[in-house]
Amino acid sequence: MLAVALVVLAAVAMLIFVLRVNRRDRQEIDALVQENGRQEEALLARMAQAEADYQPALRGGDRDQARRLGTVYYSHKTDYEYWAAPPLPLPDDQHMTPEERQRQEGEIERENAALRSRLQARNDQLLEQDLRMMTP
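Residues numbered from 1 in each chain as written. Predicted model: local features only at pLDDT ≥ 70, side-chain atom pairs only at ≥ 80, totals over all residues. Heavy atoms only, no water.

Student: Got a sec to walk through the overall build of the protein? Specific residues and values, please.
Tutor: Assigned secondary structure in the protein consists of three helices and zero strands. Going from the N terminus to the C terminus, the protein shows its helices and strands as α-α-α. Here the protein has a C-alpha radius of gyration of 25 Å; the compact-globule value for 136 residues is 14 Å, and the former is much larger. When its C-alpha atoms are laid out on the principal axes, the protein stretches across 95 × 35 × 15 Å. A buried classification covers 18% of the 136 residues belonging to the protein. (Helix = DSSP H or I, 4+ residues; strand = E, 2+ residues; numbered from the N terminus. Rg over C-alpha atoms; globule rule 2.2 N^0.38 Å. Buried < 20%, exposed > 50% of the residue type's maximum accessible area, 1.4 Å probe, protein only.)

Laid out in structure tokens, this is it:
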């Protein structure tokens, strides 16, 4: 009888521990999601403000001002698109040697740099296209 009571008590204690850990994990995840949302809002706000400044300059006749404001807008657009791109999946690094982990991290850094470069190049082309379509 005493053994059954101890097993039940141990099971209840384990359940309480698991629930506390799950609650703490959920709170940490909620905090990360909220921070992620704040970052997205800030990026979108900067991009929207830059676009609001850029559009009138495109309709005006000053190419230099349009180029300057367009560079700012497309820079913010690149930042947002890079941030919003799906992340690269991380491999299960529990079974990796430090060399393999370092190689994998290097590959991820190169792929991220290539993504940012592609986004920037595309947005640079869009800026040039916008400037060509400006009314003289």
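What follows continues from the structure just given.
Student: Which residues make up a positive patch on the surface, and what values do they have?
Tutor: On the surface, a cluster of positive charge is made up of R20, R23, R24 and R26. The exposure class assigned to R24 is partly exposed, which follows from its relative accessible area of 45%. (Patch = residues over 30% accessible without salt bridge, like charges linked within 9 Å, V, L, I, M, F, W, Y side chains within 5 Å. Areas by Shrake-Rupley, 256 points an atom, 1.4 Å probe, with all protein chains shown as cover. Salt bridge = Lys/Arg side-chain N within 4 Å of Asp/Glu carboxyl O. Lys, Arg positive; Asp, Glu negative; His and termini not counted. Charge placed at Lys NZ, Arg CZ, Asp CG, Glu CD.)

Student: If you had to explain the environment of A11 to someone new, which residues and values would you point to?
Tutor: For A11, the location among the structural elements is in helix α1 (residues 2-59). Between the alpha carbons of A11 and P86 there is a distance of 41 Å; along the sequence they are 75 residues apart.

Student: Describe in detail the environment of A10, supporting the description with residues and values.
Tutor: Looking at the secondary structure, you find A10 in helix α1. Classification of A10 by relative accessible area gives partly exposed; the value is 45%. Distance in space between the C-alpha atoms of A10 and R103 is 45 Å, their sequence separation being 93 residues.

Student: Describe in detail helix α2 (residues 63-84), supporting the description with residues and values.
Tutor: Here α2 contains 22 residues, and its C-alpha end-to-end distance of 30 Å stays within 8% of the 32 Å for a straight helix at 1.5 Å per residue. Taken together, the buried positions of α2 are A66, L69, G70, Y73, Y74, K77, T78, Y80 and E81. Where α2 begins, the side chain of D62 points an oxygen toward the backbone nitrogen of D64, at a separation of 3.2 Å. (Expected span 1.5 Å × (residues − 1). Polar contact = N/O pair within 3.5 Å; in protein donor to acceptor, adjacent residues only side chain to side chain.)

Function cannot be inferred from these measures alone, as they are strictly geometric.
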